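Observations on the three-dimensional arrangement
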Amino acid sequence: MDINIVQMLLVVIVAFLAGMEGILDQFQFHQPVIACTLIGLVTGNLVPCLILGGTLQMIALGWANIGAAVAPDAALASVASAIILVLGGQGTAGVGSAIAIAVPLAVAGLLLTIICRTIATAFVHFMDAAAKQGDIRKVEMWHIIAICMQGVRIAIPAALILAVGARPIRTVLEAMPIWLTGGLAIGGGMVVAVGYAMVINMMATKEVWPFFAIGFVLATISQITLIGLGTIGVCVALIYLKLTKQGGSGNGGSSNTGDPLGDIIDTY
Amino acid sequence: MANKLKLTKKDRISVWFRSFFLQGSWNYERMQNGGWTYALIPAIKKLYKSKEDRAAALKRHLEFFNTHPYVASPVIGVTLALEEDRANGLPIDDVTIQGVKVGMMGPLAGVGDPVFWFTVRPILGALAGSLAMAGNILGPIIFFLAWNIIRMGFMWYTQEFGYKAGSRITDDVSGNLLQDVTKGASILGMFILGSLVNRWVTVIFTPVVSTVKLAKGAFIVWDKLPAGAEGIKQALLQQGSGLSLTSDKVTTLQNNLDSLIPGIAGLGLTLLCMWLLKKKVSPITIIFGLFAVGIVFHLIGLM
């Protein structure tokens, strides 16, 4: 599909926003479900991009910037794969191969992020110099430049893909053999596990593992929607917290670990 | 002191708004220092008038700082209170301010990461993602609104809380409320993760384990059906009464696994990924590996 100049401009703006959010992590414009949908909206391909965004979101659930670590870049993955989906012109049918493209893009985006964060080191030294002069405006300026640099990080690749145009991308997509796309689709069903595994590794303790099992088993009942499961989860958590408190006071409050079972074991 | 300096609500709103850009100049040397200073600038302008004082304040806040971007808000609140006292002549030195910042950022990041990145976002994301995959535009809208309402509300109220509590908040960090929130969040998170692993990790094995010829009368005999619409009706009725569509009962490896519990292959894969991650295998390597496995297994007919 070919898109006109206004749409291209809007796409680049969305890319810029997504890039900024990729570092700020506030409004969440970089999350696939938002970024892909916005690209779909401005190019008139809402439904395929919406589905792409939803699918990518599932893969990206556990991607988060922790401490100094950088997560795979959801911003570039979502923006670029959505543009490719739109340009490819295959509609909903193209979602599978767009996802396969998204993952390498997330890695490329990660490298770009690291480069930007390194460049930003220079910017804070300019801030230091400005601070010495008491020049508030200059400190602000360098901060804003740093934010814009992160936006440009996604906007430029987006513009490049737009500039290359629909035809080469379509040729590449059509040249992909069926065993490859089929295999990639199967792989796509599995890579979701990596995100979950990252999250579980962060949260899992002996105490909370049983709740994982309960959730897993309840999910086999396909009539319960995610909202239903969420409700059960909230209730289970509230009940557990309440019961632990009662158990704790029954223990005479000898220790304050907040783990009555552990306390009982300790006293033995 | 005749003219006591005081930060108004307008100043605090301005700081709150600027704190959205906390991570903007994130860098490998001092991390969030630029954004931190940027957020505090309205307060610095209000509290310090001379160039020397402003330069000192800017320099003081360009020191290392890094925490979860949302739980920085209570730290900002406390810092505002401290800076206010300092501007009013109380003996609060740079070391105290930096000490409070560093003292709070660690434990608070420990709350922010599991609560926001690993509970609220995966849950909202999964909800929105599953709606969006079905082509429902409400998915992204719900995600955007819910997330930003939670985020902005949290940041404003904790900043105000920090401002009012002043330096006493550091004691509260070890308090029970935060502990409850963290534990409750991880319980809910694990519960939802369990469901998500079951619902969304798709591993389907296609090899046929056994093909059993069914007894006569257990399957639809297509040749014997009347022609036309009547035949279709008969076939549907027969299928509804439990007859098989084919004369063979095909059991795939997947059927065997599902009879243990549906989704067990996905669970196994998730546990494998956890183990690999603990062995310091990079997530990116695993992702590429899984794509490769998908292609290879598809080619040899295993999936």
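All of the points below concern the structure found in this document. Being a predicted model, the structure only gives us computed values, none of them experimental.

Digging into unusual backbone geometry
- Although it is not a glycine, Asp25 of chain A adopts a positive phi angle of roughly 60 degrees.
- By the element assignment, Asp25 of chain A lies in the loop between α1 (5-24) and α2 (32-43).
- Residue classification places Asp25 of chain A among the buried positions, given a relative accessible area of 2%.
- Phi angles above zero are rare outside glycine, and Lys280 of chain B is one such case at about 70 degrees.
- Relative to the assigned elements, Lys280 of chain B resides in the loop between α11 (264-278) and α12 (283-299).
- Given the relative accessible area of 75%, Lys280 of chain B is considered exposed.

What about the pattern of salt bridges?
Residues and elements named next belong to chain B.
- Enumeration over the complete set of coordinates arrives at 13 salt bridges over all chains.
- Note that Glu84 and Lys6 form a salt bridge whose closest N and O atoms lie 3.4 Å from each other. Within this pair, whereas Glu84 is found in helix α4 (residues 72-87), its partner Lys6 is found in the segment before α1 (9-18), the two being separated by 78 residues in sequence.
- Take Glu84: its relative accessible area is 5%, and that puts it in the buried class.
- We note a salt bridge from Arg60 to Glu83, for which the minimum N-O separation is 2.9 Å. Here Glu83 lies in helix α4 and Arg60 lies in helix α3 (residues 51-61), a separation of 23 residues in the sequence. Residue Arg60 shares its accessibility class with Glu83, and that shared class is buried.
- Among the ionic contacts, a cluster of salt bridges with common partners joins Arg60, Glu83, Arg86 and Asp94.

Topic: the side chain of Thr79 of chain B
All names here are of chain B.
- Along the polypeptide, Thr79 turns up in helix α4.
- Within the structure, Thr79 has its side chain in polar contact with the backbone oxygen of Val75 (distance 2.7 Å).
- Not counting the four nearest positions on each side in its chain, Thr79 is found in contact with Trp36, Leu40, His61, Ile97 and Lys101.

Focus on the interface of chain A and chain B
- Counting residues at the interface gives 107 residues for chain A and 103 residues for chain B.
- Summing both sides of the interface, chain A and chain B together bury roughly 9300 Å²; the carbon and sulfur share of this comes to 76%.
- The interface formed by chain A and chain B holds four salt bridges in total.
- Where Asp128 of chain A meets Arg30 of chain B, a salt bridge forms, and the shortest distance between an N and an O atom there is 2.7 Å.
- Summed over the shared surface of chain A and chain B, the number is 21 residue pairs in polar contact (both at pLDDT 80 or more).
- Of all the elements in the fold, those that place two or more residues in the side of chain A that touches chain B are α1, α2, α3 (46-59), α5 (95-132), α6 (136-164), α8 (178-203), α9 (209-218) and α10 (226-250) of chain A.
- Grouping the constituent residues of the side of chain A that touches chain B by class yields 66 nonpolar, 33 polar and eight charged.

With respect to the packing of helix α4 (residues 74-88) of chain A against α5 of chain A
All names here are of chain A.
- At their nearest, the axes of α4 and α5 sit 7 Å apart, and the two run at 145 degrees to each other. Considering only the axes of α4 and α5, their crossing is right-handed. Side by side, α4 and α5 meet where Leu76, Ala77, Ala80, Ser81, Ile84 and Leu85 of the first sit next to Val95, Ala98, Ile101, Ala102, Leu105, Ala106, Ala108, Gly109 and Leu112 of the second.
- Residue composition of the contact of α4 with α5, grouped by class: 13 nonpolar, two polar and no charged.

A short note on a nonpolar patch on the surface
- There is a patch of nonpolar side chains on the surface, built from Ile5, Val6, Leu9, Leu10, Ile13 and Leu17 of chain A and spanning about 560 Å² of accessible area.
- Within the element layout of this structure, Leu10 of chain A appears in helix α1.

A short note on the nonpolar core
- Counting residues in each nonpolar core, the largest one holds 119 residues, and the members touching the most others are Leu52, Val79, Ile83 and Tyr196 of chain A.
- Broken down by element, the residue count for this core peaks at 12 residues, all from α4 of chain A.
- What Val79 of chain A contacts, discounting residues up to four positions off in sequence, is Ala15, Ala18, Ala35, Ile39, Ile154 and Ala158 of chain A.
- In this structure, Met127 of chain A together with Ala39, Ile44 and Leu108 of chain B belong to the second largest nonpolar core, which totals 42 residues.

Quick word on α6 of chain A
Residue and element names in this part refer to chain A.
- Spanning 29 residues, α6 covers 42 Å between terminal C-alpha atoms, matching the ideal 42 Å at 1.5 Å per step.
- At Val152, α6 is bent by approximately 25 degrees, the largest bend along its length.
- Here α6 starts with a cap whose side-chain oxygen sits 3.3 Å from the backbone nitrogen of Arg137, and that cap is Asp135.
- Phi turns positive, to about 90 degrees, at Gly165, one or two residues after α6.

Rules used throughout
Residues numbered from 1 in each chain as written. Chains lettered and ligands numbered in written order. Predicted model: local features only at pLDDT ≥ 70, side-chain atom pairs only at ≥ 80, totals over all residues. Heavy atoms only, no water. Helix = DSSP H or I, 4+ residues; strand = E, 2+ residues; numbered from the N terminus. Buried < 20%, exposed > 50% of the residue type's maximum accessible area, 1.4 Å probe, protein only. Salt bridge = Lys/Arg side-chain N within 4 Å of Asp/Glu carboxyl O. Polar contact = N/O pair within 3.5 Å; in protein donor to acceptor, adjacent residues only side chain to side chain. Contact = heavy atoms within 4.5 Å. Buried area = accessible area lost by both parts, 1.4 Å probe. Nonpolar A, V, L, I, M, F, W, Y, C, P; charged D, E, K, R; others polar. Axes fitted to C-alpha atoms, helices over the stretch in contact; angles between N-to-C directions. Left-handed = near helix turned anticlockwise from the far one by under 90°. Patch = residues over 30% accessible without salt bridge, like charges linked within 9 Å, V, L, I, M, F, W, Y side chains within 5 Å. Areas by Shrake-Rupley, 256 points an atom, 1.4 Å probe, with all protein chains shown as cover. Core = buried A, V, L, I, M, F, W, Y, C linked by side-chain atoms within 4.5 Å. Expected span 1.5 Å × (residues − 1). Bend = angle between axes of the 7 residues up to and from the residue.

Any functional reading would require information beyond the geometric quantities listed.
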